[in-house]
Amino acid sequence: MFGARQRKATGIQIADRALHIVELCRQRGEVSLTGLVQEALPFACTPARLAGDERAEIARFLRRVGKERGLSFANPGMALGAHGYLLKRRPWIRGSEDLNREHLIWEVQQVLPDRLAAYRLDFAKTPQGYFLVAARKKALALYQALCRQGGVKGPLFDIGPFALYNALEASGSLAGEEAELLVDISPAEALVLLLNAGELQAVGTCAWGEAETPQVRREQLAERVGQVVGTESPRRPGRIWLSGPGAADPEWGACLSASTAIPIALFDPLAEVDLSPMGEEVSPAARAACAVAAGLAFRCLSEGD
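Below you will find a few notes about this structure. Source: prediction; values computed, not measured. (Residues numbered from 1 in each chain as written. Predicted model: local features only at pLDDT ≥ 70, side-chain atom pairs only at ≥ 80, totals over all residues. Heavy atoms only, no water.)

1. Examining the side chain of T126
On the secondary structure map, T126 appears in strand β6 (residues 119–126). Beyond its immediate sequence surroundings of up to four residues, T126 is in contact with W92, F131 and L200. (Helix = DSSP H or I, 4+ residues; strand = E, 2+ residues; numbered from the N terminus. Contact = heavy atoms within 4.5 Å.)

Pasting the structure below:
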C-alpha cells in the first residue's frame, strides 16, 4: 500500500559496564518504540578489552541480547567510547567554508603532527563555528570488528554529544531562543552540552576515577557545569536537562540545582514517540538512561530520507 513502507533503526551505546539499545520504527510518518534495552555487561568495555580476547565475549553478549529481545539491528548506529575520538570547537575565521576547513586541519596538524594519519577527521558546522571530530582509526576498526562478531551489519558511527543533540531535536525539547543545558551522567563520566537558540554551542566533559566518592563526583560535575556556563553561555540558561543512567538519582539533580540555581528536569528523548508497541511501561528513568542510543536511532531513521 502506498505510504505504508516501514523503516527501522537501532541505536547502540556500550558505555563502561552497560549496554543501551533503542530500536525505533517509522511507518506512515509515525515513529514508535519497538525495543529498549538496558543490560549490565559482564565487565567494563575498555580499549584493552576491545583489542583483546574479551571482545568476542562482548560480541556474544550483544548477539544474545539482540536475539532474546527480538531485535533485528536494522540500520544500526553505534556510539564511539570517549577513548575513540577527540572533539574540539573552533570559531569561524574570515573567509570561505573551504578556507575554514583548511585552517582547522592546520590546527589539528599542530596538535598531532606525527599522528594525523591515525585519525579520521570530520566537521560539524554551527552558527558559532565548527566542531572538529578526530576519530581514532584504530578505535573505529575495533568497534567494526565488535559489530561484525555481534551480528550488527554496516553500522554508522557517531559520538555521544552529537547523538544527544539529535535526541534533543527529535524530542522537541530545544527551547527556542533560550539557552539551556543537557547533562548526561554515566558511572565513568558526564557530558555537558550547552545549547543556545536551539544550536549546540559548547561541550564539556567530566571524567572520574574509581577512587572518587559519589559526593566528590557530584561536586566536580557541579563545578564543571559552572565553568561551561560561566565561560561559554551568552545568557543564563533557563533549564538543565538530565539524562544518562545517573539522571534519575535525585542527589545529582539536588547538587546541580543548589550550585547553579537553574531548574532541573529529567530529559525524555522519546517524548514524541509512540511507546505502545512495547506492550509494557517504559519508565521515564529508563528513557532518560538511553538518550544516547535514542539519538543514534533517530539519526539512522532519517538517513534514508
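2. Here we look at the nonpolar core
One finds I12, I14, L19 and I21 to be the most contacted residues of the largest nonpolar core, which totals 48 residues. With six residues, the single largest contributor to this core is helix α5 (residues 160–170). Apart from the residues lying within four places of it in its own chain, the contact partners of L19 are I12, Q13, I14, V37, Q38, E39, L41, F61, L62 and V65. The next biggest cluster of nonpolar side chains, apart from the first, holds 22 residues, and it includes L181, V183, A222 and A247. (Core = buried A, V, L, I, M, F, W, Y, C linked by side-chain atoms within 4.5 Å. Buried < 20%, exposed > 50% of the residue type's maximum accessible area, 1.4 Å probe, protein only.)

3. Some remarks on the environment of L19
Within the element layout of this structure, L19 appears in strand β2 (residues 18–27). Through-space distance from the C-alpha of L19 to that of V65 is 9.5 Å; in sequence the pair is 46 residues apart.

4. Observations concerning the sheet that holds strand β13 (residues 264–266)
Sheet architecture is open: five strands sit in the order β11-β10-β9-β12-β13, paired in mixed fashion. Edge positions in the sheet fall to β11 (199–207) and β13, since each of these pairs with one other strand and no more. When strand polarity is set aside, the average angle formed by the axes of neighbouring strands in this sheet is 20°. Where strand β12 (residues 240–243) meets β13, three bridges bridge the pair, whose relative direction is parallel. For I240, the partnering residue across the bridge sits in β13 and is I264. Against the sheet, helix α6 (residues 214–232) touches β9 (179–185), β10 (189–196), β11 and β12, its axis set at about 150° to β11. (Pairing = 2+ DSSP bridges. Axes fitted to C-alpha atoms, helices over the stretch in contact; angles between N-to-C directions.)

5. Quick word on the pattern of salt bridges
Counted by the stated rule, this structure contains 11 salt bridges. Linking K8 and E23 is a salt bridge whose minimum nitrogen-to-oxygen distance equals 3.8 Å. Placement of the pair is K8 in strand β1 (residues 6–15) and E23 in strand β2, with a sequence separation of 15 residues. With a shortest N-O distance of 3.2 Å, E97 and K125 are connected by a salt bridge. With E97 in helix α3 (residues 97–111) and K125 in strand β6, the pair connects residues that are 28 residues apart, well separated along the chain. Within this structure, E97, R101 and K125 form a network of salt bridges that share partners. (Salt bridge = Lys/Arg side-chain N within 4 Å of Asp/Glu carboxyl O.)

6. Here's the deal with the layout of surface pockets
The computed volume of the largest pocket comes to approximately 570 Å³. Surrounding the largest pocket, 22 residues form its lining, D122, V133, D158, F162 and R299 being those nearest its centre. For the lining of the largest pocket, the elements supplying multiple residues, two or more each, are β6, β7 (129–136), β8 (156–159), α5 and β11. When grouped by side-chain class, the residues that make up the lining of the largest pocket number 13 nonpolar, two polar and seven charged. When its volume is computed, the second largest pocket comes out at roughly 490 Å³. Forming the walls of the second largest pocket are 25 residues, and the residues nearest its centre are A15, D16, G81, A82 and E189. Breaking the lining of the second largest pocket down by element, the ones donating at least two residues are β1, β4 (76–80) and β10. Looking at side-chain class alone, the lining of the second largest pocket contains 15 nonpolar, seven polar and three charged residues. (1 Å grid on protein atoms, 1.4 Å probe; cavity = no way out; pocket = protein on both sides within 12 Å on 5 of 7 lines; lining within 4 Å. Points joined across faces, edges and corners; volume = space filled by probe spheres on them. Nonpolar A, V, L, I, M, F, W, Y, C, P; charged D, E, K, R; others polar.)

7. What to know about the packing of α5 against helix α9 (residues 291–302)
Close contact between α5 and α9 brings their axes to 7 Å; oriented N to C, the two are set at 75°. Of the possible angle classes, the one that applies to α5 and α9 is roughly perpendicular. Note on element contacts: α9 touches α5 through A291, V292, G295, L296, F298 and R299, opposite G160, A163, L164, N166, A167 and A170. Here the contact of α5 with α9 is built from residues that sort into eight nonpolar, three polar and one charged. (Parallel < 35°, antiparallel > 145°, perpendicular 65-115°, else oblique.)

8. Let's talk about the packing of aromatic side chains
Throughout the structure, instances matching the rule amount to six aromatic pairs. The interplanar angle of 50° and the centroid separation of 4.9 Å between the aromatic rings of W92 and Y130 together place this pair among those described as tilted. One end of the pair, W92, is in the loop between β5 (85–91) and α3; the other, Y130, is in strand β7, with 38 residues separating them in the sequence. The class of W92 is partly exposed, set by a relative accessible area of 31%. With centroids separated by 5.5 Å and ring planes inclined at 40°, the aromatic side chains of W208 and W252 adopt a geometry described as tilted. Of this pair, W208 sits in the loop between β11 and α6 while W252 is found in helix α7 (residues 250–260), placing the two residues 44 residues apart along the sequence. Assigned by exposure class, W208 and W252 land together as buried. (Phe/Tyr/Trp six-rings, centres within 6.5 Å; stacked < 30°, edge-to-face > 60°.)

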